[in-house]
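# Examining the three-dimensional arrangement
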Amino acid sequence: MSVRIRSDLRNFNREHKSNAGYLDVAANAHGAEKALLMKHALQRLHHARPHVVELGPGGGSAVTYLAAQFADDPARGHDVQLTLIEAPGVLSQSLTSAVKEFNKVGTCEVRYGFAQDLGSLLADPVDVISASALLHEVYSYGGGYAGLHAMIRTLPSVLTPGGFFAYRDVYAVAGPSLHERVVQSYNSRAWLTFLRLFTPQYLAEGTHPYHHADDELVARQDSKIVPLADLNPRSCAVISAPVGLLREIQRHYITFRDHAWRSGVLGFTPALDGDLAADWIDFRAGHKRVHYRLSEEVARLSGPQRTMLTAMSEPYGDRYTIDSDIFDAVTDVALLTLLDAAECGDTTCQQVWESWLRREGRETYAYMPLEQLLTEFVVRSAEAETDTVLIPAQPDDIRRIGRHYYNRFLTKRLANPLLDAKQLVLFQNVPRSDVAALRQAFDTVSDHCGKSSLARMYTSINKGDNWTP
């Protein structure tokens, strides 16, 4: 008899988000990428002792990176005052170490509070605010678009005129709308089982924008429409749904796969962090070697499958190494076994599924395509009680960094996968009186936005004045 796996996802799961294994390991990578726009903003400030704020520093990887950069330029580092704002009760050893490192070259302190209360946490306007993987949590746990818009309206008042907001999060989709309907086919048993278990709960319990009449997810198997919860993992499914929803399913599958890897319950634990996680055969192609250890726990691979895995691997010190394409194929087999066992009541596998679901299962990552993101920041910031507006001012203020390995994996699993990447945007708090800066900013965003979006931006900035871009 199968067991329907459910969780209470109504509230932000601080226990799992603040777990040391998550903050010190899973959320403590890509320091150079997280600090890229922060560093870029500092180079464009021209006054002494800039005040920089990072919202949600996690394990402190960006802080560590900046400390190392300033160690090579002590004069610049001593001028920087860094404030870290973290949710109450969230603390990691790695962040404590990062703060100590930064205090060798500058000034760093940690304050506790929520991003939505930023206006009361900062006594005076600051020069740079940086947020990585934070805005999707504000959306997911802070009131959806209303909470997100409220935060954007707050930012101009807590930034100095000419200051910067550095944003980094998951890339959404190409195109102006998350609601555009597309068709995706699935024939992997692991993907189909994940679809069946995850998606109904996400749609029922998560914070997401897919409530329109045209947003219904329609699944077909053997030319018949079937309820999503009744998908047969042994038969190919054709799914018609909003592109943003399919992006959510795709991204959550990857986060669950990585979570299962880290748990060790599959019978092997790959290196997902540090130098061994970046042993590239071909970086641009996303092809690498995977380093892993066999787990002592009961494996979710059968004896012959485990034997075949090691036979295709090479010893590497106290671990093994294997081509990532082969390892990814093994992963789907192991994940299917885990999901089947969890659904049938296996306690260990249920715990792995539930712990991931509590931490990640309610979050909506791809809440805005780039055009919508740029438009909303301009429009909502213009609604603030300031004479400034948040807008990217230069072409290199908008960047996208692809996740080549994940894209290689997805291409081999899905007929038409959606791009996996990080979106980076540096918004400048431009005074409305600075006509030259606004003209340059409009040239920047016009490469990414259609006429209707540009018209909304113009109207919100203009506010009835006779300024013409």
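Since the structure is predicted, the reported quantities are computational estimates derived from the model, not experimental observations.

Conventions and cut-offs
Residues numbered from 1 in each chain as written. Predicted model: local features only at pLDDT ≥ 70, side-chain atom pairs only at ≥ 80, totals over all residues. Heavy atoms only, no water. Phe/Tyr/Trp six-rings, centres within 6.5 Å; stacked < 30°, edge-to-face > 60°. Helix = DSSP H or I, 4+ residues; strand = E, 2+ residues; numbered from the N terminus. Buried < 20%, exposed > 50% of the residue type's maximum accessible area, 1.4 Å probe, protein only. Lys NZ or Arg CZ within 6 Å of the ring centre and 35° of its normal. Axes fitted to C-alpha atoms, helices over the stretch in contact; angles between N-to-C directions. Parallel < 35°, antiparallel > 145°, perpendicular 65-115°, else oblique. Left-handed = near helix turned anticlockwise from the far one by under 90°. Contact = heavy atoms within 4.5 Å. Nonpolar A, V, L, I, M, F, W, Y, C, P; charged D, E, K, R; others polar. Polar contact = N/O pair within 3.5 Å; in protein donor to acceptor, adjacent residues only side chain to side chain.

What follows is about the packing of aromatic side chains. Tallied over the entire structure, the rule returns 24 aromatic pairs. Seen in terms of ring centroids, F194 and W356 are 5.8 Å apart; in terms of plane orientation they differ by 55°. Their pairing is tilted. Placement of the pair is F194 in helix α10 (residues 189-205) and W356 in helix α14 (residues 347-360), with a sequence separation of 162 residues. Taking relative accessible area as the criterion, W356 reaches 0% and is therefore assigned buried. Ring centres 5.5 Å apart and planes at 45° place the aromatic pair Y405 and Y406 in the tilted group. In this pair, the class of Y405 matches that of Y406, namely buried. We note R257 situated over the ring of F409; from NZ or CZ to the ring centre the distance is 4.5 Å.

We now examine the packing of helix α17 (residues 435-445) against helix α18 (residues 451-462). Taken N-terminus to C-terminus, the directions of α17 and α18 make an angle of 160°; their axes are 11 Å apart at the nearest point. Relative to α18, the element α17 is oriented roughly antiparallel. With respect to the hand of their crossing, α17 and α18 are arranged in right-handed fashion. For the pair formed by α17 and α18, the contact residues are L438, F442 and V445 on the first element and L454, M457, Y458 and I461 on the second. Of the residues that constitute the contact of α17 with α18, the class distribution is seven nonpolar, no polar and no charged.

The next thing to look at is the side chain of R413. As for its placement among the helices and strands, R413 is situated in helix α16 (residues 404-413). Taking relative accessible area as the criterion, R413 reaches 17% and is therefore assigned buried. Only 2.8 Å separates the side chain of R413 from the side chain of D332, close enough to count as a polar contact. Each residue touching R413, except ones within four places of it in the same chain, is listed here: W191, D325, D328, A329 and D332.

This next bit is on the environment of R247. With respect to the helices and strands, the residue R247 is situated in helix α11 (residues 243-263). Judged by its relative accessible area of 0%, R247 falls in the buried class. Between the C-alpha atoms of R247 and L122, which are 125 residues apart in sequence, the distance is 36 Å. With sequence-adjacent residues up to four places away left out, R247 is seen in contact with V170, Y171, A172, V173, A366, L418, L419, D420 and A421. For R247, the side chain forms a polar contact with the main-chain oxygen of Y171, separated by 2.9 Å.

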